[in-house]
Amino acid sequence: MLSYAAEMRRKFHMCPEVGFDLDETLALLRAELDKIGVPYTEKYGKSSIVATVNEEKSRFTIGIRADIDALPMKEENDVPYKSRHEGKMHACGHDAHCAVALATLAEIYRLRDKINCRVKFIFQSAEEYTTSGARLMAEDGVMDGIDCIAALHCDPIYTAGQVGFRNGAQGAISDGILLEFFVKSTHAAFQQGGVDAIMMAVRAYSDIEFMIAKELPAVTPVIFNAGKIEGGKTNNIIADYCKIYCTLRTHTEDVEEKALRRIREICEYTAKSAGGSAKFTHVKHYPIVYNDERVTDKMRAAAAKVVGEKNVLPKMRTMGGEDFSYFAMRKPGCMMRLGVTTPGKPVTGLHQTTFDIDESALDIGVRIFKTFILDNMNG
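Residue indices follow the written sequence of each chain, beginning from 1 at its first position. Local features in this predicted model are restricted to residues whose pLDDT is 70 or higher, and side-chain atom pairs enter the listing and the counts only when it is 80 or higher, whereas totals over whole chains, interfaces and linings include all residues. Only heavy atoms go into the side-chain values, all of them from the structure, while hydrogens and water stay out.

Engineer: Break down the sheet that holds strand β16 (residues 333–341) for me, with residues and values.
Structural biologist: The strand order across the open sheet built from eight strands is β1-β2-β4-β3-β5-β16-β6-β15, with neighbouring strands paired in mixed fashion. Bordering the open sheet on either side are β1 (40–41) and β15 (312–314), each of which pairs with just one other strand. Here, strands pair whenever DSSP counts at least two bridges between them. Elements are defined by DSSP. Helices are runs of H or I of four residues or more, strands are runs of E of two residues or more, and each kind is numbered from the N terminus. As paired elements, strand β2 (residues 49–53) and strand β4 (residues 118–124) share five bridges and run antiparallel to each other. Residue Thr52 lies in a different strand from β4, and its bridge partner there is Lys120. In this description, contact between two residues means that some pair of their heavy atoms is separated by no more than 4.5 Å. The axes used here are C-alpha line fits, helices contributing only the stretch in contact, and every angle between their N-to-C directions lies in the interval 0 to 180 degrees. Helix α2 (residues 23–36) rests against β1, β2 and β4 of the sheet, and its axis sits at about 15° to β2.

Written as structure tokens, this is what we have:
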């Protein structure tokens, strides 16, 4: 028989939605929160919910955050709970994050009279989107009444029953960039009468990769990726427009600043030299997630009680980006990495079309959050 967390995870998994368009996900959340009987509000950010246990016990407040959006990917798993929304999939584990937070909420609400603090559960939209759902919520003041905040992220590096922690910086600064090239179209048979926007974009992309390789310090990790290129209308027309969707990841602000400046310069020079124009749009920015030492030590201690010291493992710093940073930069926070791979099975990474989890990990996440709250309810 499935646990409540696993049951809810499958329901969320079957209705993946992207960005702020989360009607079915939010309806499912509202129905469960109403069933539990906990009060909630949707006044923070956009397409997000905050549910509060023990509103009156405001002397000390713990926040628990879960992101709830999915990715624009087609799921290739053959499972009963496979995505029912074509071209959308919970390939980053946000269905699990949401289910763990909801199941923790149900447990904490049941024990509310024995809990000497307030607990706010943040169900946040658009973590995988160009506009950060966390940033909008933070700007609306969701962190004002919260003293510390905890979150988890599915991590297939670890097996179910293991968890990972790292004090301090967790990942990278993450930037989303849109590069656009505008020129003149013409018939392909008379190419001298126009300028090829696709060729211009390809040249700029190549020069950016050369810049990343040769102009930035080798001791600082940097990733530049063009994830999507669009341009042209048909085979026999020289394209007058092309755009590239890119991401930039780095560990330091000075390298980020130089890389962004040089990307803009390269695009503008490439376009001008070919007789066209370029537009650089900085569409997304996630600061680095910093795990507060005190909160992380408390989370680590709670995890050790649940899975044992030997299963609480160190986490290497990565190039991943996470908008939990907008919460953790305002109040002390910690993001735990929850092992979700079945022991003995091949590892399937995040953002892959076959990503799935060992559902036994869900109840481990619930128990760790519950233990963390109970152990620290007095501040």
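Engineer: Any chance you could break down the packing of aromatic side chains for me, citing the residues and the numbers?
Structural biologist: Paired rings are identified among Phe, Tyr and Trp, the last through its six-membered ring, by centres lying within 6.5 Å, and are further divided according to the angle between planes into stacked (under 30 degrees), edge-to-face (over 60) and tilted (the rest). A complete count under the given rule lists five aromatic pairs for this structure. For the ring pair Phe182 and Tyr241, a centre distance of 5.2 Å and an interplane angle of 45° mean the geometry is tilted. Note that Phe182 is positioned in strand β8 (residues 173–182) and Tyr241 in strand β12 (residues 241–250), a separation of 59 residues in sequence. The class for Phe182 is partly exposed, based on a relative accessible area of 36%. Exposed residues in this analysis have more than 50% of their type's maximum accessible area, buried residues have under 20%, and partly exposed residues fall in between, with area computed by a 1.4 Å probe over protein chains only.

Engineer: If you had to explain the layout of surface pockets to someone new, which residues and values would you point to?
Structural biologist: Using a 1 Å grid laid over the protein atoms alone, points where a 1.4 Å probe fits but cannot get out form a cavity; open sets with protein on both sides within 12 Å along at least 5 of 7 lines form a pocket; any residue with an atom within 4 Å of a point counts as lining. Grid points are joined across faces, edges and corners, and a volume is the space filled by probe spheres set on the points. As a volume, the largest pocket reaches approximately 1400 Å³. Surrounding the largest pocket, 49 residues form its lining, Leu71, Glu128, Arg249, Lys284 and His351 being those nearest its centre. Contributions of two or more residues to the lining of the largest pocket are made by β5 (148–159), β8, β10 (222–231), β12, β13 (277–286) and β16. Top element by residues in the lining of the largest pocket is β8. It accounts for five residues. Side-chain classes are defined by residue name, with Ala, Val, Leu, Ile, Met, Phe, Trp, Tyr, Cys and Pro counting as nonpolar, Asp, Glu, Lys and Arg as charged, and the others, Gly among them, as polar. Classifying every residue of the lining of the largest pocket by side-chain character gives 24 nonpolar, 14 polar and 11 charged.

Engineer: Describe the pairing of β5, with residues and values.
Structural biologist: Across the 12 residues that make up β5, a large majority, 10, are buried. As paired elements, strand β3 (residues 61–67) and β5 share four bridges and run parallel to each other. By the bridge assignment, Ile62 is partnered in β5 with Cys148. Pairing between β5 and β16: eight bridges, direction parallel. Along β16, the bridge assignment pairs His153 with Arg337.

Engineer: Tell me about the sheet that holds β12, residues and numbers included.
Structural biologist: One key point about sheets: their strands pair by backbone hydrogen bonds, in either a parallel or an antiparallel sense. Read from one edge of the open sheet, four strands run β10-β12-β8-β13, paired in antiparallel fashion. Every other strand in the sheet has two partners, leaving β10 and β13 as the edge strands with one partner each. Adjacent strand axes in the sheet meet at a mean angle of 20°, parallel and antiparallel pairs treated alike. Here nine bridges tie β8 to β13, and the two strands are oriented antiparallel to one another. Pairing of Asp175 across the sheet is with His285, part of β13.

Engineer: Would you mind going over the nonpolar core in detail, with residue names and values included?
Structural biologist: Here, the term nonpolar core denotes a set of buried Ala, Val, Leu, Ile, Met, Phe, Trp, Tyr and Cys residues that are joined through side-chain atoms within 4.5 Å. Counting 71 residues, the largest nonpolar core has Phe123, Met299 and Ile373 as the members making the most contacts within it. Ranked by the residues each element gives to this core, the list is headed by helix α3 (residues 94–110), at 10 residues. Filtering out sequence-adjacent residues up to four positions away, Phe123 remains in contact with Leu29, Ser48, Ile49, Ala66, Ile68, Cys98, Ala101, Leu102 and Leu105. Within the second largest apolar cluster, 28 residues are counted, among which are Leu179, Leu216, Leu248 and Phe280.

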